[in-house]
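Architecture at a glance
Here are the chains, one letter per residue:
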Amino acid sequence: MFRTLMRKNLKHYLMLVPFFVFFVLFFLWPILYGLGMSLAKWNGVQPPVFVGFQNYIKVIHSSDFALGMKNMVHFVLLAIPLGIGTALGLALLVARFRGFWQSFFRAAYFLPFVIPIFLSALIWRWLLTPEYGFINVVLMKLGLQSIDWISDPKYMIYAVVLVDLWRAAGFNMVLLLAGIKSIPEDYYEAAKVDGVNPWQEAIHITIPLLEPILFVVIVNAFISTIQMFDVPWLLSRSDYNTQGGPLGGMLFPVMDIMGRAFGSIKFGEAAAYSVILLLICLVVTVLQFLVRRWHAQK
Amino acid sequence: MNKKLFSVAAILIVLSMVLTACGSAAATTAAATESTTAAAPTTAAASTTAAATTAPASTTDASAGAPVKIVYWTFSDYTAGAPGDMMKEFINEFEAQNPNITVELVGKPDTDIESGLIAGASSGQLPDLFNLAYNAGEDVTSLGIVKDVSSMWNAMPEDYRQQFSPKAVQGLQVDDKMYGIPFTAYSAVLYRNLTVLKAAGIDPSAGIKDWNDWLSQMQKVQTAGYKAMGNYTGDGWFIMIFLGGIQGVQNDVVDGKTTITADQLAKAYDFLKSASPFCTDASPADQATSDLFTTNKLAFFPSGPWSDPTFKAVQGLDYDAVLIPGETADYAGGVHGGEFFGLTDGPNAEAAWKLATFLADKEQMIRFGAQLGRANFNDAAMSDASVQANALVAVTSKGASMGMPDAAYFKPFPLKVRQPLTDYAIQVVKGSMTSEDAAQKAIDTINDILASQ
């Protein structure tokens, strides 16, 4: 049986070999290596020493872990509804245009996503500067107080949400717009005959039919917000020694991982933290799939 | 089908044999190259020693030997602009004197040099020569990748060794080992906008006596409608600028605890709180703050010598650089630090040593100091009249003898200890903690971090 199968499909298997070689080398092996590393005390040079789950215990009991998790949850709760809501709103708006203007707005909203992140962070640091940044100047003109977005721990998370919203909304909008365009026109024509207004059209036709793409966007948004790194790292001017700015107002788990690995040279702890983050991503994603299935069955 | 299978298998076997053959040939070539390269240092070493006995760092008789290529990592700002041009000039001169040695100059941000060395420690991708801050020295020496150069150092002539700052040399000597040669130095200075000071009715030539005098000048500046300074609470390094103004403060570790006391830190916090009503909320790291200074709207800008080229480039900006005022009149503050040349223990170590000794030598350091305004640990170069004529170098070299170092060097001293300094400074300035409580909490947190090492 096996020999017949092999004889019949050998060339197909051979064609799959290059993919599996790269998959094992660059995906599976690093994960397994990281898992092994998380159980060892290792500085990158001397041979690793097996320490069991000590790294996990150290990471979980550290104050930075609690702070990073708190910031992450706060950020996820703010950034996902705001980000997806904005992306959906923009997609619905842009979908109403045709031809040149649709392409123009699509490109304009997508632009922040392709701007190098260090440049975006620089621009935003300038915009958010207390007293003299554009945003604070506007606030002060409106009779409000200047806000120290970058250094005041009370506001630092909102600065990250703002920059992330500006950056990611365009990307999600393009995905959602593609989904909207794939909805057959017949539904809208039938709705028009029934006297449906644009709001009812969006609620009763577009959003329900967009569900598969919305699901992909939501899953992707959860994973990327849990792994948030570059925006807060650059805004808070973090380095391997100090991360997250004053009182860790912008400290996120991946930043802490970088600090442990290259600042404290504790690769075992960094790997343990990565495994914990991987498990969080996995649990959140599986939960989303389960909820979707449960919803579909209902 | 069987025939086809057989052909495929045969082709695969032949291919793998060819690849294996190529691999071993390449390995042999590599091994041969390695052994040739390995032989070169011996020649280079011999010539270095020979040259050293007659003329320090002279490389005239080093042309003999197999070709050697040195990879040299230095800070990005030493590979761009005027410092970059000067560094390339030094390297061209070195290569002309040593035709068998070529230098690949690689500029990296300081944190990338450190992380590159850490990552390279396991992968083996290390430079032959690198520059690193003294405060990061322990991180890389603890990995065992930095060469102990004590025998090479001792082989250098006495007058070559004598030209360096004894403190900087001692800083590199740990447990009978030596981890490199001293290179550049820095000290925080206070840039003053003279136009703003004059407009506020302050005579710049009178200087600033102490913190109280500085605060009264800040008040005058504010009354005249200007801002005194940026917000210096957002970064631990900024806090150290003021902490260094307290006489007797030591940034060291004894018995696993910091030597900075809560009383000293509380004084620095009190000063920052007193200064805050006259300051803008923008951090000195924000473009807005340096723009305020260059457009005559800000009076004081404490920073390092690296800010000088920006200010110098602004036409008509009337400014000077003075020592950071201390808490009392007889003392000046600031924080200071420095960089060194380190070698990795590779086959090109002798040639890398030759380059390091050449770059750190008096002749090169005079040009570096006089033309770029950057201080260094070569005392002989620093005392040269052309270097002393540069006002910024004169101030930074004086500042380096006071204030406090930016870390405990070559000891387990994670720079993460700077984080509590800023975390609690903010709470004092915002009024949510007293300076005494905040300082005590900061010191406790620093000791916790040190204990976790």
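Look a little higher up for the structure.
So, here is what we can say about the structure in this document.

Basis of the calculations
Residues numbered from 1 in each chain as written. Chains lettered and ligands numbered in written order. Predicted model: local features only at pLDDT ≥ 70, side-chain atom pairs only at ≥ 80, totals over all residues. Heavy atoms only, no water. Axes fitted to C-alpha atoms, helices over the stretch in contact; angles between N-to-C directions. Helix = DSSP H or I, 4+ residues; strand = E, 2+ residues; numbered from the N terminus. Parallel < 35°, antiparallel > 145°, perpendicular 65-115°, else oblique. Left-handed = near helix turned anticlockwise from the far one by under 90°. Contact = heavy atoms within 4.5 Å. Nonpolar A, V, L, I, M, F, W, Y, C, P; charged D, E, K, R; others polar. 1 Å grid on protein atoms, 1.4 Å probe; cavity = no way out; pocket = protein on both sides within 12 Å on 5 of 7 lines; lining within 4 Å. Points joined across faces, edges and corners; volume = space filled by probe spheres on them. Buried area = accessible area lost by both parts, 1.4 Å probe. Salt bridge = Lys/Arg side-chain N within 4 Å of Asp/Glu carboxyl O. Polar contact = N/O pair within 3.5 Å; in protein donor to acceptor, adjacent residues only side chain to side chain.

A word on the packing of helix α8 (residues 185-193) of chain A against helix α9 (residues 198-226) of chain A
Residues and elements named next belong to chain A. Remark: α8 packs on α9, axes separated minimally by 11 Å, with the N-to-C direction vectors making an angle of 165°. Taken together, the axis directions place α8 and α9 in an arrangement best described as roughly antiparallel. Read as a crossing pair, α8 and α9 show a hand that is right-handed. Taken together, the residues of α9 that come into contact with α8 (itself represented by Tyr187, Tyr188 and Ala191) are Glu201, Ile205, Thr206 and Leu209. For the contact of α8 with α9, a count of residues per class yields five nonpolar, one polar and one charged.

Let's talk about the packing of helix α3 (residues 63-95) of chain A against α9 of chain A
The angle between the axes and the distance between the axes are what describe a pair of packed helices. Residues and elements named next belong to chain A. Remark: α3 packs on α9, axes separated minimally by 10 Å, with the N-to-C direction vectors making an angle of 145°. The handedness of the crossing between α3 and α9 is right-handed. Together, Met72, Phe75, Val76, Ala79, Ile80, Ile84, Leu88 and Leu92 of α3 and Ala202, Thr206, Ile207, Leu210, Leu214, Val217, Ile218, Ala221, Phe222, Thr225 and Ile226 of α9 make up the contact between the two elements. For the contact of α3 with α9, a count of residues per class yields 17 nonpolar, two polar and no charged.

With respect to empty space enclosed by the protein
All names here are of chain B. With the rule as written, the count across this model stands at two cavities of 30 Å³ or more. A volume near 60 Å³ is recorded for the largest cavity. Considering the residues around the largest cavity, the lining is formed by Met240, Asn251, Thr258, Ile260, Asp406, Phe413, Val417, Arg418, Leu421 and Ile446. Residue classes in the lining of the largest cavity are distributed as six nonpolar, two polar and two charged.

Notes on the interface of chain B and chain A
Of the residues lining the interface, 36 residues belong to chain B; the matching set on chain A comes to 32 residues. For the pair chain B and chain A, the summed buried surface comes to about 2,900 Å²; carbon and sulfur atoms form 57% of the total. On the chain B side of the contact with chain A, Ile118, Leu143 and Lys416 of chain B bury the most area, a combined 17% of that side's loss. Joining chain B to chain A, the criterion identifies five salt bridges. Where chain B touches chain A, the interface holds eight residue pairs in polar contact (both at pLDDT 80 or more). For the side of chain B that touches chain A, the elements supplying multiple residues, two or more each, are α1 (2-54), α3 (110-123), α12 (287-294) and α19 (418-429) of chain B. It is α3 of chain B that contributes the most residues to the side of chain B that touches chain A, eight residues altogether.

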